Amino acid sequence: MGPGEADLPGAVLFACSRNAVRSPMAAAILKHLAGRRIYVDSAGVRAGEPDPFAIAVMEELGIDLSGHRPAALADLHDTSFDLIVTLSPEAHHKALALAGSFAIAVEYWPTPDPTMTSGNREQILSAYRAVRDGLFRRIKQRFPVAGAPGV
């Protein structure tokens, strides 16, 4: 066990608005870094549709997001998380309500929604990459996993 690993939560949920971009990216990154050391899931306030830009920018890191199917917080069968990381204001409010019923810590990481970006394909991909890279940095800092793979 490396430095800080004793403080790692056993189960983490990432939540955003539609579970199509930010929360599945974050969950996939933490799974990539932690392997099976942490149970990781993601959900949205509502279930959206799979996002091809999110899939493309994660594939650039060798992380396959193509099998992700967006899910809503209300559809979660298991709520025994130690930590919920919210990435949108709407998800934060829902998570606080959920956590109030259970002993779950909630952290809010304001994260821009790249689906709001307009422009050509490269400009849109650039916005998605910025979100991906910001999440990657934050996750590596928050969840220090010894021997975690790089990108």
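In case you missed it, the structure is sitting above this.
Residues numbered from 1 in each chain as written. Predicted model: local features only at pLDDT ≥ 70, side-chain atom pairs only at ≥ 80, totals over all residues. Heavy atoms only, no water.

1. So, empty space enclosed by the protein
The rolling of a water-molecule-sized probe over the atoms marks out the regions of remaining empty space.
In step 1: For the structure shown, the criterion picks out one cavity of 30 Å³ or more.
In step 2: Roughly 50 Å³ of volume is contained in the largest cavity.
In step 3: Residue composition of the lining of the largest cavity, by class: five nonpolar, two polar and two charged. (1 Å grid on protein atoms, 1.4 Å probe; cavity = no way out; pocket = protein on both sides within 12 Å on 5 of 7 lines; lining within 4 Å. Points joined across faces, edges and corners; volume = space filled by probe spheres on them. Nonpolar A, V, L, I, M, F, W, Y, C, P; charged D, E, K, R; others polar.)

2. What to know about the sheet that holds strand E1 (residues 11–16)
In step 1: Reading across from one edge, E2-E1-E3-E4 is the order of the four strands in this open sheet, with parallel pairing throughout. At either margin of the open sheet sits one strand with a lone partner, and together these are strand E2 (39–44) and strand E4 (105–108). Adjacent strand axes in the sheet meet at a mean angle of 20° when their direction is disregarded.
In step 2: Bridge count for strand E3 (residues 83–86) against E4 is four bridges, and the pairing is parallel. By the bridge assignment for E4, Leu83 is matched with Ala105.
In step 3: Of the strands in this sheet, E1, E3 and E4 are in contact with helix H3 (residues 89–101), which crosses E4 at around 170°. (Pairing = 2+ DSSP bridges. Helix = DSSP H or I, 4+ residues; strand = E, 2+ residues; numbered from the N terminus. Axes fitted to C-alpha atoms, helices over the stretch in contact; angles between N-to-C directions. Contact = heavy atoms within 4.5 Å.)

3. Focus on the pattern of salt bridges
In step 1: Applying the stated criterion to the full structure yields eight salt bridges.
In step 2: Residue Arg22 pairs with Asp113 through a salt bridge whose shortest N-O separation is 3.9 Å. Taken together, the residues span a long stretch of sequence, with Arg22 in helix H1 (residues 22–34) and Asp113 in the loop between E4 and helix H4 (121–142) at a distance of 91 residues.
In step 3: Assessed through its relative accessible area of 6%, Arg22 is described here as buried.
In step 4: A salt bridge links Glu60 to Arg129, with the shortest nitrogen-to-oxygen separation between them at 2.7 Å. Linking Glu60 in the loop between helix H2 (52–59) and E3 with Arg129 in helix H4, this pair joins segments that are 69 residues apart in sequence.
In step 5: Through salt bridges with shared partners, a single network forms among Glu60, Glu122, Arg129, Arg132 and Asp133. (Salt bridge = Lys/Arg side-chain N within 4 Å of Asp/Glu carboxyl O. Buried < 20%, exposed > 50% of the residue type's maximum accessible area, 1.4 Å probe, protein only.)

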